[in-house]
Every structure is written in C-alpha cells, then in structure tokens.
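Analysis of the macromolecular model
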Amino acid sequence: MTKNSDYRFSFGPWTIHEGSDPFGPTVRPTVESASKLKTCKEAGFDAMMLHDDDAVPGLDSMSASAVLAEAKQYKTMLADNGLVVEMVAPRLWEDARGIDGGFTSRDPKVRQWAIDRSRQCVDICRAMETDLFVLWLAREGTYMREAKNSIDSHRYLIEAFNAILEHDPQIRIAIEPKPNEPMDHAYLPTIGHVLAIAHQTVDPARVGGLIEIAHSLLAGLDPADDLAFALQANKLWSVHLNDQNGLKYDQDKTFGSSNLRSAFNQVRVLEKAGFASTGMLAVDVKAMRTQKAEFATQHLINSKRMFMHLVEKVRSLDPELERQLTVSGNDEAVEMAILEHLMGV
Ligand code: 3MF
Ligand code: MG
C-alpha cells in the first residue's frame, strides 16, 4: 500500500468503467460495487465520491424512505471497509427529463423536477454523513446561444442553489465548473463564475467550488492559479485530479501524465495552502479504452502515486535556493532549477 502522508483521497465508481466512447461500445466487463470498494480500500484511498444513483440505483422508482434506507445500507458497507463518503452529486444529465438541462430547462416542470431531485440528493448526503453536495452542471447551457435566455438561466441557477441551501441548514454546495461538453456553451464555465454567483445566493458561506484540472485546462486557464484563486477565498472544497492533453475532448488522463511541470505546480499550491487538512483529493480519471480489464484500476492507483511523488518533489525543493532564485532576477535560473529538480539531475 502506498503511504499517503497527510492527504486523503477518494474516487468515484464511474472511474472503473466498461470503456465505451462516443464511437464504440463497451470493451470491458462491468465491475461490481463491492469489488470497487475493495479496490478503494486496498489501494489506500479513504473515501468514495458518489452520484445519487451510484448510492441508490433506480432511485426514481422508489419511495423517499426506501431511497434513504438504501443510502444508509451503502454507507454501512463503506464503513465496514473503513471508508467514508466524500460527497454526493445529483446525476441530472442522464435522465431523459434533463435533456435540455435541469435547473435551466425551458420547461418549468423540469426545473421543478431538478430541484426536487437535488433536495433528495441532499437527504442522501445527510444519510451518508457528508455535508458536501457537489454540482457538476452538465447540461446547464446550450448548443446554440439563441436556445435560452441566458439572463433568466442564471437567475434559475441562483433559485435552485437557494432551494438546496434552504432545504438543509448544514449542507455545503461545491460547484464543479466546466466550460463545455456535453454542451457547446456551459453556464458557470470557470471557478471565477462559480465564486461570483456564490455571493448572490442566500448563504454565500455555504457555496464554494470543486476544481477539476482537466476542466480548467479546457477553459484555457492555468489549473495551479485556478486552485490558488479558490484557496485564497477558502472556497476550494474538493479537487478532481486528472490531466488533459490540450484542447480536445475531456480526456480525464492519469494525474501528471500529460504535463508534469503543471502537475508539480498544482501540488505546490495545494501544499502551500495546507489543503491536506481542509479537503480531499478526488481522482476523476478514465482508464484508456485499450486497457485490459485486469489492469483497469491502475489509472486510479497511478494518479495517487503521481500526486505523492510530486508532494515529495515540492517538499524537497531547497527553500533557500527557491528564495535566492526568486529574488535574483534570473528567471532562467529559476526555470532551470525547477526543471532539473523535476528530472532529478
Ligand atoms: C465530468 C465530470 C463529472 C463530475 C461528477 C461529479 C462524471 O467532466 O467531471 O464526472 O466530476 O459528475 O460531480
Ligand atoms: Mg470531475
């Protein structure tokens, strides 16, 4: 088992997957929930992150009390393995009703459904003993600008956030921004939008952000600076570790696999802010489609391993050298020192 130092890690069950992509069917067998928990424990993770229907499959056709009973059962199964639940997120985008978005749908009945399902998800959070409710606003946007009134859409989002906050006085909402995919234009595409809208809700102190590295890169931003922006505001409530090779489809590559130096700087900013004691690192990576089933958990293990290697790199950077270099005005020397430190030469 890899030693995690003081960091805590989670992953979502969707990261152990069958390998389908938009151009082809599944290539690996489905892995049972119990086996995913076993991987979580054995690989030295501390928690699972869940969608509402990961916790309670088929929740739509169940009574409210049956949903909560099943959520508690899953929570017990996790506890039996020494694991906790990091967060729960409502999976609005896979329901046919959410085809045009939930909170920003053009149909008021759908908007109400999205709020109701989110309130139920808050209840699932509480049943699973987490106060962290995550919102990835997958289909809250448009394929073409004329499709919705954007001003109204942002107001609908605030109304929905308020309804969630008012449903439970303890719950914290962490919004996970992403600029596009599945939609062409997503509302709240960056952490800047997220933190700005947080202040328009009824309880700004309970609305924060979750930064996914690939999502920052897709927005053309620097992930380390995005993290720093949220950290200085005490609004970084979770991180989705992964990587992304340029402006392509959402790749969810193994952490650090595409840009090692950028990953180093992400770890560095988390270290400097003491993130280990305030939040969890969630690994949101996809196994390559070509990966054989027996190795299709390696991307999770390797992401955590890369993070811990980079923690060592950050901690072993000579602070005096760092200080001297930054005051010397010789930025080329700083750059070279960092590169050589990363390369171990
Ligand atoms: C999409 C994502 C999502 C969210 C997840 C938790 C499926 O790009 O990153 O993963 O992280 O829904 O809210
Ligand atoms: Mg994510």
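Above this note sits the structure.
These notes cover the structure that comes with them.

With that settled, consider the environment of Asp123. By secondary structure assignment, the location of Asp123 is in helix α4 (residues 108-127). Sequence separation of Asp123 and Phe133 is 10 residues, and the distance between their C-alpha atoms is 9.9 Å. Ignoring sequence-local partners within four residues, the contact set of Asp123 consists of Leu68 and His167.

Before going further, it helps to examine the site of ligand 1. Within the structure, ligand 1 sits among 14 residues, and His51, Glu176, Glu212, His215 and Asp250 are positioned closest to it. Take His51: an N or O atom from its side chain is 2.6 Å from an oxygen atom of ligand 1. In this structure, Asp250 approaches ligand 1 through a side-chain N or O atom, which is 2.9 Å from an oxygen atom. Relative to its unbound accessible area of 350 Å², ligand 1 is 92% covered by the protein chains.

Before going further, it helps to spend a moment on the environment of Asp107. Assignment of secondary structure puts Asp107 in the loop between β3 (84-89) and α4. A residue is classified by how much of its surface remains accessible, and Asp107, at 28% relative accessible area, is partly exposed. Within the structure, the side chain of Asp107 is placed 2.8 Å from the backbone nitrogen of Lys109, a separation counted as a polar contact.

A word on the side chain of Arg28. If you trace the backbone, Arg28 turns up in the loop between β1 (9-11) and α1 (33-42). This buried residue, Arg28, is left without a salt bridge; Glu18 holds the nearest opposite charge, at 7.5 Å. For Arg28, the side chain forms a polar contact with the main-chain oxygen of Gln291, separated by 3.0 Å. Residues within four places of Arg28 in sequence aside, it is in contact with His17, Glu18, Gly19, Ala287, Met288, Arg289, Gln291, Lys292, Ala293 and Ala296.

With that out of the way, let us pick up the coordination of the magnesium ion (ligand 2). Around the magnesium ion (ligand 2), the donor atoms from the protein are Glu176 (OE), Glu212 (OE), His240 (ND1) and Asp284 (OD), and they sit 1.9 to 2.2 Å away. Given six donor atoms and angles of 77 to 171° at the metal, the environment of the magnesium ion (ligand 2) is assigned as octahedral. Considered as a linear motif, the donors of the magnesium ion (ligand 2) on their single chain read E-x35-E-x27-H-x43-D. In this pair, Glu176 sits in strand β6 (residues 172-176) while Asp284 sits in the loop between β10 (280-283) and α10 (298-315), placing the two residues 108 residues apart along the sequence.

What follows concerns the packing of aromatic side chains. For the coordinates displayed, the defined rule picks out six aromatic pairs. Aromatic side chains Phe9 and Phe307 sit 5.8 Å apart centroid to centroid with 80° between the ring planes, which places their arrangement in the edge-to-face category. On the criterion of sequence distance, the pair formed by Phe9 in strand β1 and Phe307 in helix α10 is long-range, its members being 298 residues apart. Comparing Phe9 with Phe307 shows no difference in burial state: the two are buried. On the basis of an interplanar angle of 70° and a centroid distance of 4.7 Å, the ring pair of Trp93 and Trp136 is categorised as edge-to-face. With Trp93 in the loop between β3 and α4 and Trp136 in strand β4 (residues 132-136), the pair connects residues that are 43 residues apart, well separated along the chain. On the accessibility criterion, Trp93 (13% relative accessible area) is buried. Here a set of aromatic residues connected by ring pairs shows up, and it is made of Tyr7, Phe9, Phe11, Phe45, Phe255 and Phe307. Against the face of Trp237 rests Arg172, its NZ or CZ located 4.9 Å from the ring centre.

Procedures and definitions
- Counting restarts for each chain, with residues numbered from 1 along the sequence as it is written.
- To read the labels, note that chains go from A and ligands from 1, taken in the order they are written.
- Side-chain atom pairs in this predicted model are given and counted only at pLDDT of 80 or more, local residue features only at pLDDT of at least 70, and totals for whole chains, interfaces and linings cover all residues.
- Excluded from the side-chain calculations are hydrogens and water; all other atoms, namely the structure's heavy atoms, are used.
- A run of DSSP states H or I qualifies as a helix once it reaches four residues; a run of E qualifies as a strand once it reaches two. Both are numbered from the N-terminal end.
- Residues are treated as being in contact if the distance between any of their heavy atoms lies within 4.5 Å.
- Nearness here has a simple test: a residue counts as near a molecule or strand if at least one of its heavy atoms is within 4 Å of that partner.
- Any N or O atom pair separated by 3.5 Å or less is treated as a polar contact, with the protein-specific requirement of one donor-capable and one acceptor-capable atom, and with residues adjacent in sequence counted only for side-chain atom pairs.
- For every accessible area listed, the method is Shrake-Rupley and the probe measures 1.4 Å; residues are considered covered only by the protein chains on display.
- Residue burial is assigned from relative accessible area. The probe radius is 1.4 Å, only protein chains are included, and a residue is buried under 20% of its type maximum, exposed over 50%, and partly exposed in between.
- Only four residue types enter the tally: Lys and Arg on the positive side, Asp and Glu on the negative side, with His and both chain ends excluded.
- Take a side-chain nitrogen of Lys or Arg and a carboxyl oxygen of Asp or Glu: if they are within 4 Å of each other, that pair is a salt bridge.
- Any N, O or S atom lying within 2.8 Å of the metal counts as a donor, with the limit raised to 3.2 Å for Na, K and Ca; because water is left out of the atom set, some sites can appear incomplete.
- Note on geometry labels: four donors, all angles 85 to 135 degrees, give tetrahedral; four donors become square planar and six octahedral when opposite donors are over 155 degrees apart and every other angle is between 65 and 115; remaining cases are irregular.
- Here a pair means two rings of Phe, Tyr or Trp (six-membered ring of Trp) with centres within 6.5 Å. Their orientation is stacked below 30 degrees between planes, edge-to-face above 60, and tilted elsewhere.
- In our convention, an over-ring charge means Lys NZ or Arg CZ found within 6 Å of a ring centre and within 35 degrees of that ring's normal.

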